[in-house]
Amino acid sequence: MENRLKLMKFFKSTMIFTGLWRLKLTDNCFLRSLYLLYSVAIQVLFSLMFFGSLGNISEAISNDDFPGIIDNIWFSLLTVLICIKLLMWQRKSFANLILNGIAEEQRLYMEESINIQDTFENNYKIVKHFILLAFGCTSASGFLVWVCDTIKYFQYRSLNDTEVKPMMTLHVRYPLNRNKYFFETYILSLSSTLTGAIYCTISQVYFIVLTAFVISQLKVIKRLARDFHLSTESNFNEEEALTAIRNIYNKHLYVIRFVHEVNLDIKYLILADCMVNSIIIAFLIVQVLFVTTSLSSLMFYVAVSCTVLSQIFIISWFANEIEVMSTSISDALFESHWWEQTEKVKRVISIIMMRSRKPLRIMIGPFYPLTIQTALNSLRAAYSYVTLIFAISTRNTMHV
């Protein structure tokens, strides 16, 4: 059990490291206070980026800086979205979902057979690659910000005090006079970029871990359903068959409740994601295609675009997989030797089959389920936004 992959436990450790865990960790008052201070310090650092990005929009508008306006809008939307998620993650219901998953992971690795444990863990091993993809895309974006800011620092540190120092790569107004304290602004930009990249990664990994846990549970149920007759010493032992079927029923009921709790906690976050990510992609495409920029900045925009696109398609694919896997349980039961069972066992099997025909879904707010089609719709919306922005900018240019 100790060597088994435990994504829920891993994510709890990640939340503790990033200062987002709000449940009691220790009875030591000093350590609790120290952790709270650490948590507040990290979030204050990110808040500087959040409020600074919002504050810089008015400056870009007053200067008639179209590229600056585009930059500030998409980045402000991104920081607002992450800030909302930070507030939501620190609710007890979110932490309880993780603890619930940790307890079920431990129970499965302790009580189930080796084959069932392998089925559960093998799905986790696949999911690990998606987590690495999310981490890689976000890290690339953060690293390119560091590179661009460092280039600007070494390029402009020799300027006279009377010359205006440039903005950092992320157009954020920090509470410092950058003409006078350019080095301090540079360090603050690097630090806040690091916290922003961490929180952006966490926002993707949280959804991946929750949905991967559900998919792994559904795969376990599917295997148990297909092979339940093998767990009985005789095909005609009604008591053993009922015990196996009830185990499947209880697991299925647990997953249904877990998905319901997940929807209660994240369906409005997913709605915000779907609405905002299309706009962010549109603004990034405008920056890449229509705004003259440096090579390093271009690479940064491409990296952020890849990060947002990967987030859209990853969450859509995982949600779609839950829907597909949940309806395949009835097929697995049909593939078992159900015809060899007694009438009482057959009735229980038919009840589970009827319930499993109703798919489990991750919802987008109160509206409709999250599927692969949702990701495609987001891209279509982004294309519409790009054409609208381009038309407005062209009309303004002709008017001038």
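Residues numbered from 1 in each chain as written. Predicted model: local features only at pLDDT ≥ 70, side-chain atom pairs only at ≥ 80, totals over all residues. Heavy atoms only, no water.

## A closer look at the pattern of salt bridges
Side-chain pairing between opposite charges can occur once the charged atoms of the two side chains come close. One pass over the full model with this rule turns up 5 salt bridges. For R107, the salt bridge identified is with E104, shortest N-O distance 3.0 Å. Placement of the pair is R107 and E104 together in helix α4 (residues 92-111), with a separation of 3 residues, close to one helical turn. The salt bridge partner of R361 is E323, with a shortest N-O separation of 3.4 Å. (Salt bridge = Lys/Arg side-chain N within 4 Å of Asp/Glu carboxyl O. Helix = DSSP H or I, 4+ residues; strand = E, 2+ residues; numbered from the N terminus.)

## What to know about the nonpolar core
In this structure, M8, W74, Y206, F207, F258, I362 and L370 are the most contacted members of the largest nonpolar core, which totals 109 residues. By residue number, the principal contributor to this core is helix α7 (residues 238-290), which donates 24 residues. In contact with I362, other than residues within four places in its own chain, are F207, T211, V259, V262, N263, I270, A319, I322, P369 and L370. (Core = buried A, V, L, I, M, F, W, Y, C linked by side-chain atoms within 4.5 Å. Buried < 20%, exposed > 50% of the residue type's maximum accessible area, 1.4 Å probe, protein only. Contact = heavy atoms within 4.5 Å.)

## A closer look at a nonpolar patch on the surface
The grouping of F30, L31, L34 and L37 at the surface amounts to a nonpolar patch, some 430 Å² of accessible area in total. When you line up the elements, L34 lands in helix α2 (residues 29-62). On the basis of relative accessibility, which here comes to 44%, the residue L34 falls in the partly exposed class. (Patch = residues over 30% accessible without salt bridge, like charges linked within 9 Å, V, L, I, M, F, W, Y side chains within 5 Å. Areas by Shrake-Rupley, 256 points an atom, 1.4 Å probe, with all protein chains shown as cover.)

## Observations concerning the UniProt feature "transmembrane region" (unreviewed entry) in the protein chain
Per the UniProt record, the feature "transmembrane region" (unreviewed entry) sits at residues 34-57, 69-88, 130-147, 196-216, 268-292 and 298-319. Between the C-alpha atoms that bound residues 130-147 there is a distance of 26 Å. The span itself is 100% helix and 0% strand. Within residues 298-319, the helical portion is 100% and the strand portion 0%, while the C-alpha atoms at the span's ends are 32 Å from each other. (UniProt positions renumbered as here; feature names shortened; annotations may be inferred.)

## What to know about the side chain of S330
Its location among the elements puts S330 in helix α9 (residues 329-335). Taking relative accessible area as the criterion, S330 reaches 3% and is therefore assigned buried. Among the polar contacts made by the side chain of S330, one reaches the side chain of R357 at a distance of 2.6 Å. Apart from the residues within four sequence positions on either side, S330 is in contact with M353, S356 and R357. (Polar contact = N/O pair within 3.5 Å; in protein donor to acceptor, adjacent residues only side chain to side chain.)

## Remarks on the packing of aromatic side chains
All told, the structure shown has 13 aromatic pairs when counted by the stated rule. Measuring from centroid to centroid gives 5.3 Å for F11 and Y206, while their planes differ by 55 degrees, and the two rings are tilted. One end of the pair, F11, is in helix α1 (residues 7-17); the other, Y206, is in helix α6 (residues 182-226), and 195 residues separate them in sequence. Take Y206: its relative accessible area is 3%, and that puts it in the buried class. An aromatic cluster of at least three residues, connected via ring pairs, comprises Y109, F120, Y124, F213, Y254 and F258. (Phe/Tyr/Trp six-rings, centres within 6.5 Å; stacked < 30°, edge-to-face > 60°.)

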